There are 2 protein chains.
Amino acid sequence: MTRTPPIILGILAISVTTTLAAQFTPRALMPPEELIQYRQAGYRFMKWNMERIKINLNREYNQDQVIAAANAVAAIANSGMGALYLPGTEEDIGDVETDVKPSFFKNAEDVARLARSFIAAANDLAETAKTGDQRAVHTAFGEVAESCKACHDKYRDD
Amino acid sequence: MTRTPPIILGILAISVTTTLAAQFTPRALMPPEELIQYRQAGYRFMKWNMERIKINLNREYNQDQVIAAANAVAAIANSGMGALYLPGTEEDIGDVETDVKPSFFKNAEDVARLARSFIAAANDLAETAKTGDQRAVHTAFGEVAESCKACHDKYRDD
């Protein structure tokens, strides 16, 4: 066997590492434009459920519907949507537009803080919904809406 | 006061009835094009989570991620998406296109049967995910994928 020059070994090592990284990161497995669409789908579906809860609070209260809607919001909030903000998803890609501000990607700690606050509020709403206490649901719903807005105000282009 | 002619009273009555109905039906509260977008968001977000579970099964298994993904699928499945198929949402509306076949709206019993089967499979996947038994998760995942496909084959235009 001939000895492989170190420079070639180095290139091979980098190549293998890059390939492995590409295989095991969601970014390579899912195109960035799909990640943008997935995160937008999550927010849109939560919006429907928040709208339904609001309608229930303002009009006729259906406890089963509020529980189902709050569970959907909580499960989406807990799904790990951070994985949908990988590098390459900062800007519009072709027809797929994103409203996220560049600053979102530069303030990981603040974003994490807002995310934790949102998840806590969503979990609380789901728990409160089960009690059927409409006044408490109203308050918990307001907390979720506030935590949505806190992030939108800072990190979403309107 | 002058007496209001009966014909005018009749028109007023119809008008009031229509307004009340419009206020209290989700259709009037949410435009049909939004309902189409909400249901598509639900399916797309479930697709992300199904893709993640598949990646976990085929590559490196992360139990927390599979649990979170399966919970999201189950919560969306149980959210009552039937409310997003109200009259007026059968066809494209402007730029908002839908792939649902007209036959979907004419076979309520069959659609309900498929929906129940899908919800049962999604709930089973969420329960199985908690056990961490990868072989069982693989089987339960397959059941959900089959139940998605069963409805797509019948009622979705490709």
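Fair warning: this is a prediction, and the values are worked out from it, not measured in the lab.

> Run through the packing of helix 3 (residues 32–58) of chain B against helix 4 (residues 63–77) of chain B, naming residues and quoting values.
Residues and elements named next belong to chain B. In contact at an axis separation of 9 Å, helix 3 and helix 4 are set at 150° when each is read in the N-to-C sense. In terms of orientation, helix 3 and helix 4 fall into the roughly antiparallel class. In this structure, the crossing between helix 3 and helix 4 has a hand that is left-handed. Contact with helix 3, carried on its side by Gly42, Phe45, Met46, Asn49, Met50, Arg52, Ile53 and Asn56, involves Gln65, Val66, Ala69, Ala70, Ala72, Val73, Ile76 and Ala77 of helix 4 and no other residues of that element. Split by residue class, the contact of helix 3 with helix 4 holds 11 nonpolar, four polar and one charged.

> Talk me through a positive patch on the surface; I want residue IDs and the actual numbers.
The grouping of Arg44 and Lys47 of chain A together with Arg44 and Lys47 of chain B at the surface amounts to a positive patch. Tracing the backbone shows Arg44 of chain A in helix 3 (residues 32–58). On the basis of relative accessibility, which here comes to 38%, the residue Arg44 of chain A falls in the partly exposed class.

> An account of the relation of the copies chain B and chain A is requested, with residue identities and associated values reported.
These two copies of the chain differ by a rotation about an axis and a displacement along the same axis. Superposing chain B onto chain A requires a rotation of 180° together with a translation of 0.0 Å along the rotation axis, leaving an RMSD of 0.0 Å. Such a turn and shift between the copies fits a two-fold axis. Minimal C-alpha separation from the rotation axis in chain B is found for Ala41 of chain B, amounting to 2.1 Å. When you check the interface residues of chain B against chain A, 97% turn up at the interface there too, and the contact is symmetric in its surfaces.

> Just give me the short version of the environment of Ala83 of chain B, but keep the residues and values in it.
Residues and elements named next belong to chain B. Along the chain, Ala83 falls in the loop between helix 4 and helix 5 (108–131). The class for Ala83 is partly exposed, based on a relative accessible area of 33%. In sequence terms Ala83 and Leu35 are 48 residues apart; their C-alpha atoms lie 8.3 Å from each other.

> Would you mind going over the interface of chain B and chain A in detail, with residue names and values included?
Between chain B and chain A, the residue contacts involve 29 residues of the former and 28 residues of the latter. In total, chain B and chain A occlude about 2,500 Å² of area from one another, counting both sides; carbon and sulfur atoms represent 73% of this. Taken as a group, Tyr38, Phe45 and Trp48 of chain B account for 26% of the area that chain B buries against chain A, more than any other trio of residues on that side. Across the chain B-chain A interface, the total number found is zero salt bridges.

Each value, and the rule that gives it
- Residues numbered from 1 in each chain as written.
- Chains lettered and ligands numbered in written order.
- Predicted model: local features only at pLDDT ≥ 70, side-chain atom pairs only at ≥ 80, totals over all residues.
- Heavy atoms only, no water.
- Axes fitted to C-alpha atoms, helices over the stretch in contact; angles between N-to-C directions.
- Helix = DSSP H or I, 4+ residues; strand = E, 2+ residues; numbered from the N terminus.
- Parallel < 35°, antiparallel > 145°, perpendicular 65-115°, else oblique.
- Left-handed = near helix turned anticlockwise from the far one by under 90°.
- Contact = heavy atoms within 4.5 Å.
- Nonpolar A, V, L, I, M, F, W, Y, C, P; charged D, E, K, R; others polar.
- Patch = residues over 30% accessible without salt bridge, like charges linked within 9 Å, V, L, I, M, F, W, Y side chains within 5 Å.
- Areas by Shrake-Rupley, 256 points an atom, 1.4 Å probe, with all protein chains shown as cover.
- Salt bridge = Lys/Arg side-chain N within 4 Å of Asp/Glu carboxyl O.
- Lys, Arg positive; Asp, Glu negative; His and termini not counted.
- Charge placed at Lys NZ, Arg CZ, Asp CG, Glu CD.
- Buried < 20%, exposed > 50% of the residue type's maximum accessible area, 1.4 Å probe, protein only.
- Least-squares fit on C-alpha atoms with pLDDT ≥ 70 in both.
- Buried area = accessible area lost by both parts, 1.4 Å probe.

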